[in-house]
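Coordinates in review
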Amino acid sequence: MSPAIALAFLPLVVTLLVRYRHHFKLLVRTVLLRSFRDCLSGLRIEERAFSYVLTHALPGDPSHILTTLDHWSSHCEYLSHMGPVKGQIVMRLVEEKAPAHVLELGTFCGYSTLLIARALPPGSRLLTVERDPRTAAVAEKLIRLAGFDEHMVELITGSSEEVIPKLRAQHQLSRADLVLLAHRPRYYLRDLQLLEAHALLPAGATVLADHVLFPGAPRFLQYAKSCGRYRCRLHHTGLPDFPAIKDGIAQLTYAGPG
């Protein structure tokens, strides 16, 4: 490319960098720096976060563990977790709905699991599903460190596509009064339809879906709005530590199979 052509594209490049500077910074923190630290330490980010929690958080205190994770993400390494703003929305809805049976797809480090578990009424049960065994091992330790036993919070290792059909027979989950989709947005629609097909959503069930605007789940939102079986509401937020990057949590209320 000649210098003249490169110079002609310079204003466009500068405009894009200014407009998407927050996305560029997010890319650097979540891909470049994280990959460098993974190679340097031999640990994944969730494992490094757990090591920080072990030395700074109070065992048996879910609130303090969550605050410690938020602090680590803001001041050490960006964790790509739900964060306190979205967390308040989820906690409020859990307290409002008081579900007896909760299903979470996508445990990651266990942050949202603790959020939900500490807001549940006595006697409720939470099943959380994590695909990656190494990530699940970290989440398991965090959940137990917070004081939740296997009777209240059960962690299942496996892909959501394989686990959902087995929930009734192998994990005694006959219904999910509240579901949190927090794994990969491209799987949200598939898993929602699996939950419907296996009759795991009772009428009135609440389905919460994170990251529906960034990176986005357009097919999931289109289905929920057009199929006639859900009332939909979108809670607008930003990403933790990147409020200029707009995101949202979708809240669906299941009306029944119709």
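Here the structure is shown first, and the text comes after it.
For clarity, every value in this text was computed on a predicted model and none was experimentally measured.

Quick look at the overall build of the chain now. Secondary structure summary: the chain contains 12 helices and 7 strands in total. Its C-alpha atoms give the chain a radius of gyration of 20 Å, near enough to 18 Å, the size a compact globule of 258 residues would have. Looking at the chain residue by residue over its 258 residues, the buried ones come to 49%. By sequence separation, contacts in the chain at least 24 residues apart represent 71% of the contacts at least 6 residues apart.

Scanning the model with the defined rule gives 4 aromatic pairs in all. Each ring, one from Tyr52 and one from Trp72, has its centre 6.5 Å from the other, and the planes form 45°; the classification is tilted. With Tyr52 in helix 3 (residues 45-56) and Trp72 in helix 4 (residues 62-75), this residue pair connects regions lying 20 residues apart in the sequence. Exposure class is identical for Tyr52 and Trp72. Each is buried. Measuring from ring centre to ring centre gives 5.1 Å for Tyr78 and Phe242, while their planes differ by 90°; the resulting arrangement is edge-to-face. Here Tyr78 is found in the loop between helix 4 and helix 5 (83-97), whereas its partner Phe242 is found in strand 7 (residues 242-254), with 164 residues between them in sequence. The ring of Tyr187 is capped by Arg190, whose NZ or CZ atom sits 4.3 Å from the centre of that ring.

Glancing now at the environment of Arg186. Mapped onto the elements, Arg186 comes out in the loop between strand 4 (178-181) and helix 10 (188-197). Judged by relative accessible area, which is 57%, Arg186 ranks as exposed.

Turning next to the packing of helix 3 against helix 4. Interaxial distance between helix 3 and helix 4 falls to 10 Å at its minimum, and their mutual angle equals 125°. Classified by the angle between their axes, helix 3 and helix 4 sit oblique to one another. As for the relative orientation of helix 3 and helix 4, their crossing is right-handed in sense. Contacts between helix 3 and helix 4 pair Ile45, Arg48, Ala49, Tyr52, Val53 and His56 from the former with His64, Ile65, Thr68, Leu69, His71 and Trp72 from the latter. When grouped by side-chain class, the residues that make up the contact of helix 3 with helix 4 number 7 nonpolar, 4 polar and 1 charged.

Here we take up the nonpolar core. Ranked by size, the top nonpolar core spans 40 residues in total, and within it Ile65, Leu69, Leu114 and Ile116 carry the most contacts. At the level of secondary structure, the elements contributing two or more residues to this core comprise helix 3, helix 4, helix 5, helix 6 (111-119), helix 7 (133-145), strand 3 (153-157) and strand 4. With 32 residues, the next largest nonpolar core counts Leu105, Leu173, Leu181 and Tyr223 among its residues.

Time to look at the pairing of strand 2 (residues 125-130). Of all 6 residues in strand 2, 6 are buried, a share of seventy percent or more. Burial along strand 2 is two-sided: Arg125, Leu127 and Val129 and Leu126, Thr128 and Glu130, pointing in opposite directions, are all buried. Where strand 1 (residues 101-105) and strand 2 come together, 5 bridges link them in parallel fashion. Within strand 2, the residue paired with His101 across the bridge is Arg125.

The rules we used
Residues numbered from 1 in each chain as written. Predicted model: local features only at pLDDT ≥ 70, side-chain atom pairs only at ≥ 80, totals over all residues. Heavy atoms only, no water. Helix = DSSP H or I, 4+ residues; strand = E, 2+ residues; numbered from the N terminus. Rg over C-alpha atoms; globule rule 2.2 N^0.38 Å. Buried < 20%, exposed > 50% of the residue type's maximum accessible area, 1.4 Å probe, protein only. Contact = heavy atoms within 4.5 Å. Phe/Tyr/Trp six-rings, centres within 6.5 Å; stacked < 30°, edge-to-face > 60°. Lys NZ or Arg CZ within 6 Å of the ring centre and 35° of its normal. Axes fitted to C-alpha atoms, helices over the stretch in contact; angles between N-to-C directions. Parallel < 35°, antiparallel > 145°, perpendicular 65-115°, else oblique. Left-handed = near helix turned anticlockwise from the far one by under 90°. Nonpolar A, V, L, I, M, F, W, Y, C, P; charged D, E, K, R; others polar. Core = buried A, V, L, I, M, F, W, Y, C linked by side-chain atoms within 4.5 Å. Pairing = 2+ DSSP bridges.

Purely spatial values, then, with no claim about function.
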